[in-house]
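Read off the chains here:
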Amino acid sequence: MGLRRDEQTDALFRSILSLKSIEECYCYFEDLCTNKEVRDFGQRLEIAKELDEGRSYQQVAEATGVSSATIGRVKRCLDYGPGGYRMVLDRLKEETPQG
C-alpha cells in the first residue's frame, strides 16, 4: 500500500526538493518534524545501509540499537518496496568515493 498521492503530499515533496543545502534541510526539518522523527528517519537509512552491506539483523541491531521489528520493516521495503531505499543508496554510493 503506497503513499496516497494528493496535492498536499505533492506540495510537501516539492518543498523538500526546493532545499539547496544541508543547513536548509536542518532548518526546514526542525520546523517540520520532531527531533525524534528526524532521528528515526536517519536511523532507518542507516539500517538500510547496513543491510545493503550484508550485515545480519543482530549486527544491525547492535550497531543501531533498534528492534528487530524495525529492521524487518526496512528489510521488507528494501526487498519488496517501490525502490526508494535502493535508489537513494545507489545515489549515495555514487557520491561517496570508494577506497
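The structure under discussion appears in the preceding block.
Every chain is numbered independently, its residues counted from 1 as its sequence is written. Since the coordinates come from a predicted model, pLDDT governs what is reported: local features require at least 70, and pairs of side-chain atoms require 80 or more to be given and counted, while whole-chain, interface and lining totals use all residues. Computation of side-chain values: all heavy atoms of the structure, hydrogens and water removed.

What follows deals with the overall build of the protein chain. Starting at the N terminus, helices and strands are each numbered in turn, a helix being any DSSP run of H or I of at least four residues and a strand any DSSP run of E of at least two. Of the regular secondary structure elements, the protein chain holds six helices and zero strands. In the protein chain, the succession of α and β elements from N to C terminus is α-α-α-α-α-α. For every residue, the accessible area (1.4 Å probe, protein chains only) is compared with the maximum for its type, and the residue is labelled buried under 20%, exposed over 50%, or partly exposed between those bounds. Counting over 99 residues, the protein chain shows a buried share of 15%. Of the charged side chains in the protein chain, 15 are positive and 18 negative, and the gap between their average positions amounts to 5 Å. Positive charges are assigned to Lys and Arg, negative charges to Asp and Glu, while His and the chain termini are left out of the count. Every charge is mapped onto a representative atom, which is NZ of Lys, CZ of Arg, CG of Asp or CD of Glu.

So, about the pattern of salt bridges. Salt bridges are identified by distance alone: a Lys or Arg side-chain nitrogen within 4 Å of an Asp or Glu carboxyl oxygen. Within this structure, the stated rule accounts for seven salt bridges. The residue K36 makes a salt bridge to D40 at a minimum N-O spacing of 2.9 Å. One end of the pair is K36 and the other is D40, both in helix α3 (residues 35–52) and four residues apart, which spans about a single turn. Connected through salt bridges with shared partners, the residues D52, R86, D90 and K93 form a single ionic network.

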